Amino acid sequence: MTAGAGERPANAPAPFAIPERMELIVKVAERCNLACTYCYFFFHKDRSYESHPALITEDSVNGLCDFASSAALSGVKTIAIVFHGGEPLLLKPQRFDALCEALSAALEGLCNYSFSVQTNATLIDETWVDLFAKWRMSVGVSLDGDEARNDAYRIDHQGRGSYQNALKGLRLLQGAAAEGRMGNPGLLSVVDPEGSGAAAYRHFVDELGFRRLSFLLLDETHDTITPKIVKGTEDFMLGVFQEWTRDDRKDITVRFFSELIACFCSDEEMKHFAPYREDMSNVFTVSSAGDVGMDDVIRSLGGRFAEHRFNLFDHRLETVVQSDLYREIRTAIHAHRPAACAACDWWKLCRGGRVNTRFDEASGFERETVYCSALKNIYSRVVSYLLDNGIDGDDILRRLS
Ligand code: SF4
């Protein structure tokens, strides 16, 4: 029997529901004043920025407000808006302020929403600090270690290091936080497989005064990974863990480890949070030209992932979440267990690792993360630490089973 107009054929896959929470990564600037050597946005397979306007257009701002408010009316309860780039502070403060005004007017009363910005901090001045304070914006600063380490990778277009300029911006943010005008800025740092995690942690905490730290594993796939990167990543993260646990301070969080410990120690966290810890399926990227795609790191896989199929003007969230691409990513994250993970004791927590690091050109997302061996050793070390500190091993085992 064939389906009538408007009906779904009996053998068609079930439609995906509108997510309760989503993150909109808004590319307010698709250029950067830096040229970090590992940047996935400018130096990987997604070359879309080359044909996009340097700064978000007014049409895209209007389209974004319509897209976000329509998503809220369709049932999204929480929208986290992350201003991103390139370097988002290349958009002048006046336009940035107007963008926040427009989004706020569109979403007020429809859903919970928040603004945050990820910046290299080199362009921050008092005007920006006032703007962040006005919008209670959470600010993440990207840095990669001490001056020598940072300036080996985070360089400008003339090859000059960016550390000193970033430090000036960071101090302005921290000064405003100390006065109670805004929250403490967080750190976002990319793991350096050839560097020391312990030294990086000590620098960020002792010398730079960060209290919220986040470390990103390199966005490698099975087509690009090397054993050296995996081992270097493991050593780096274990070095961070060693110093963080040595400090044993409640006011310092290292996101990766804080999340792991919360899951190991709480039934609720393991049940409700662990499956979404690495969920990138409800993260959507909006380009300066108004295109809507999946999370940037998924787009950086290239091919069909980098195609622009949707935009703010012709499509709504309902269309995006019914697409083959969304279905493929969401199924890989939530419904597919790689063969290598079949008998793994860490599955409930790990879920095969971050989906983009499970990718290879030949089989898509069939495999476990490239960081599997490193993660197993890291999980074991965290559990050993918890056991040494009096957490009941049977409880941990029960939560994992
Ligand atoms: S640790 Fe490895 S085998 Fe276990 S779930 Fe994670 S990726 Fe799969």
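Residues numbered from 1 in each chain as written. Predicted model: local features only at pLDDT ≥ 70, side-chain atom pairs only at ≥ 80, totals over all residues.

**Concerning the sheet that holds strand 1 (residues 21-27)**
So, step 1. Within the open sheet, the 10 strands sit side by side as 7-6-5-4-3-2-1-8-9-10. Their pairing is mixed. Edge positions in the sheet fall to strand 7 (253-254) and strand 10 (310-311), since each has one partner strand and no second.
So, step 2. Pairing analysis gives 3 bridges linking strand 4 (residues 138-142) to strand 5 (residues 186-190), with the strands arranged parallel. Residue pairing in the sheet places Ser142 in a bridge with Leu188 of strand 5. (Pairing = 2+ DSSP bridges. Helix = DSSP H or I, 4+ residues; strand = E, 2+ residues; numbered from the N terminus.)

**Considerations on helix 2 (residues 58-73)**
For an α-helix, the turn length of 3.6 residues means that residues three or four places apart are oriented alike.
So, step 1. For helix 2, with 16 residues, the first-to-last C-alpha span of 23 Å sits near the 22 Å given by 1.5 Å per residue.
So, step 2. Those residues of helix 2 that are buried are in contact with strand 1, strand 2 (78-84), helix 3 (93-107), strand 8 (283-286) and helix 12 (317-321).
So, step 3. Count one or two residues on from helix 2 and you reach Gly75, which has phi positive near 125°. (Expected span 1.5 Å × (residues − 1). Contact = placed C-beta atoms within 7 Å.)

**Description of the site of the ligand**
So, step 1. Of all residues adjacent to the ligand, which total 13 residues, the nearest are Cys341, Cys344, Cys350, Glu368 and Cys372.
So, step 2. Those elements giving two or more residues to the shell around the ligand turn out to be helix 14 (347-350) and helix 15 (372-388).
So, step 3. The leading source of residues in the shell around the ligand is helix 15, at 3 residues.
So, step 4. A breakdown of the residues in the shell around the ligand according to their chemical character gives 8 nonpolar, 3 polar and 2 charged. (Near = placed C-beta within 6 Å. Nonpolar A, V, L, I, M, F, W, Y, C, P; charged D, E, K, R; others polar.)

**Some details on the domain arrangement of the chain**
So, step 1. Assigned domains of the chain: these are domain 1 (21-330) and domain 2 (337-400).
So, step 2. Put simply, the middle of domain 1 and the middle of domain 2, counted by C-alpha atoms, are 24 Å apart.
So, step 3. The set of elements that each furnish at least two residues to the side of domain 1 that touches domain 2 consists of helix 8 (227-247), helix 9 (255-265), helix 10 (267-273) and helix 11 (296-299).
So, step 4. The leading source of residues in the side of domain 1 that touches domain 2 is helix 8, at 7 residues. (Domains from an automatic or database assignment.)

**Focus: unusual backbone geometry**
So, step 1. Residue Gly86 follows Gly85 across a cis peptide bond; omega there is 15°.
So, step 2. Take Gly86: it is sitting in the loop between strand 2 and helix 3.
So, step 3. Phi at Arg136 takes a positive value of approximately 45°, unusual for a residue other than glycine.
So, step 4. Its location among the elements puts Arg136 in the loop between helix 4 (126-134) and strand 4.
So, step 5. Backbone geometry places Arg351, a non-glycine residue, at a positive phi of 55°.
So, step 6. Looking at the element boundaries, Arg351 is found in the loop between helix 14 and helix 15.

**With respect to the environment of Ser104**
So, step 1. When you line up the elements, Ser104 lands in helix 3.
So, step 2. Residue classification places Ser104 among the partly exposed residues on the basis of 14 C-beta atoms within 10 Å.
So, step 3. It is 30 Å that separates the C-alpha atoms of Ser104 and Leu325, two residues lying 221 residues apart in sequence. (Buried ≥ 20, exposed ≤ 12 C-beta atoms within 10 Å, placed from the backbone.)

**Topic: the pairing of strand 9 (residues 291-294)**
So, step 1. Relative to strand 9, strand 8 is paired through 3 bridges, and the arrangement is antiparallel. Following the sheet pairing, Thr285 is matched in strand 9 by Gly293.
So, step 2. As consecutive antiparallel partners, strand 8 and strand 9 are separated by 4 residues, and within that stretch Gly290 has a phi angle of approximately 100°, a positive value.

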